[in-house]
Amino acid sequence: MKPDCYAVVGNPIGHSLSPRIHMLFAAQTNQSMVYEARLGRPGHFAEDVRHWFRTGLRGLNVTVPFKEEAFRLVDRRTARAQRAGAVNTVWAEADGTLTGDNTDGTGFLRDLRIRLDLDLADREILILGAGGATRGLLEPLLAEAPARLVIANRTPARAVALVESFAQLAGTTQLEASGLASIPDGPYDLLINATAAGLGTHGLSLPPGLLAGTSLAYDLVYGPASRPFLDWAREQGAGSVTDGLGMLVEQAAESFTAWRGVRPDTTPVLRELRETLDTP
Ligand code: ATR
């Protein structure tokens, strides 16, 4: 029997680790499947994806810059995808209709809880950035009932808009917006960099002393691109720092579980990637 076919679509897509991660999961759980990287064509995304599913694709991961387009394309969305406003995982139902899910936020939380052993209840969190990446994290973060969650963004109005649209999920959490120059004093237990910018000439400019007493600085980006931010966080006194490779593997495991009904063990996969990649 032919193996089931899965893919990731993005643009660019050449350096995606997803094929490697999913093939390691497949080997570990004895699943007969292939997983390939496909270059998305701007302007033809919906047409291409529908064609792929009509011709046998079983499931698709979606990465930059197509997550919002995937959200619009699918026939129905899971609750967490609806809330995130973006889709990173698609599968076909028996009748051929497409369901879209978003596993990024859950992947991030699993990485924090399982690998980093961080319990966010009653903690103080600072998120830098108010784009799609932040939107995808807010529901699962608020579900952990932190004491305070500050969203700081270069364009403060975007942070304010996110606070307004998630206010009904805040529960006991004090949910606040700010600009980058006026971030409320910490200490924060967790600082998340969810901006598209590293630090440096054209990167983030943040108040000195911001990180005093911060326990963990987490960059959603992984590999060398996260180095400037993580170096800065270390210099500023963060207790520990991590890039987003753990989140990448965990969100992949969530997609794999949704498709195959079996949960892979992420620990050996993350270890293998760390051994062969240039990561901070
Ligand atoms: P994503 O889906 O990856 O979150 P996005 O919606 O384009 O992408 O959002 C990018 C985020 O990075 C935004 O918060 C953006 O700030 P603005 O809303 O002010 O544009 C932030 N960002 C990008 N470049 C930045 C820079 N040089 N300094 C500070 N923030 C930056």
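Cut-offs used in this document
Residues numbered from 1 in each chain as written. Predicted model: local features only at pLDDT ≥ 70, side-chain atom pairs only at ≥ 80, totals over all residues. Heavy atoms only, no water. Helix = DSSP H or I, 4+ residues; strand = E, 2+ residues; numbered from the N terminus. Expected span 1.5 Å × (residues − 1). Buried < 20%, exposed > 50% of the residue type's maximum accessible area, 1.4 Å probe, protein only. Core = buried A, V, L, I, M, F, W, Y, C linked by side-chain atoms within 4.5 Å. Pairing = 2+ DSSP bridges. Axes fitted to C-alpha atoms, helices over the stretch in contact; angles between N-to-C directions. Contact = heavy atoms within 4.5 Å. Near = heavy atom within 4 Å. Polar contact = N/O pair within 3.5 Å; in protein donor to acceptor, adjacent residues only side chain to side chain. Areas by Shrake-Rupley, 256 points an atom, 1.4 Å probe, with all protein chains shown as cover.

*Asks:* Lay out helix 9 (residues 245-260) with the relevant residues and their values.
*Replies:* Between its first and last C-alpha atoms helix 9 spans 22 Å; for 16 residues at 1.5 Å apiece the expected length is 22 Å, and the two agree. The buried fraction of helix 9 amounts to 14 of the 16 residues, a majority that puts the element mostly inside the structure. Just downstream of helix 9, Gly261 is the residue with a positive phi angle, here 70°.

*Asks:* Account for the nonpolar core, with residues named and values stated.
*Replies:* One finds Phe108, Leu141, Leu149, Ile151, Leu190 and Ile192 to be the most contacted residues of the largest nonpolar core, which totals 27 residues. Those elements giving two or more residues to this core turn out to be helix 5 (104-115), strand 7 (124-128), helix 6 (132-143), strand 8 (148-153), helix 7 (156-166), strand 10 (190-193) and strand 11 (216-219). In terms of nonpolar packing, the next biggest core, distinct from the first, is built from 20 residues, Met33, Leu245, Val249 and Ala253 among them.

*Asks:* With reference to specific residues and values, describe the sheet that holds strand 7.
*Replies:* With parallel pairing, 6 strands are arranged side by side in an open sheet as 9-8-7-10-11-12. Looking at strand neighbours, the two that pair on one side only are strand 9 (174-179) and strand 12 (240-242), the edges of this open sheet. Strand after strand, the sheet turns through a mean of 15° between neighbouring axes, direction not considered. Where strand 8 and strand 9 come together, 6 bridges link them in parallel fashion. Looking at the pairing, Leu149 lines up with Leu175 of strand 9. In this fold helix 8 (residues 227-235) packs onto strand 7, strand 10, strand 11 and strand 12, with an angle of close to 170° to the strand it touches most, strand 11.

*Asks:* How would you summarise the sheet that holds strand 5 (residues 89-92) if you had to cite specific residues and measurements?
*Replies:* As summarised here, the arrangement of the 6 strands in space is 2-1-3-5-6-4, forming an open sheet in which the pairing is mixed. Edge strands, defined here as strands with exactly one partner in the open sheet, are strand 2 (33-39) and strand 4 (76-77). One ladder, built from 3 bridges, connects strand 3 (residues 57-62) with strand 5; its direction is antiparallel. Bridge assignment links Gly59 to a residue of strand 5, and that residue is Trp91.

*Asks:* Pulling in residues and values, what's your account of the site of the ligand?
*Replies:* Residues in close proximity to the ligand total 15 residues, the closest being Ala130, Asn153, Arg154, Thr155 and Arg158. Interatomic distance of 3.0 Å between a backbone N/O atom of Gly132 and an oxygen atom of the ligand. Burial of the ligand by the surrounding chains reaches 71%, relative to a free accessible area of 640 Å².

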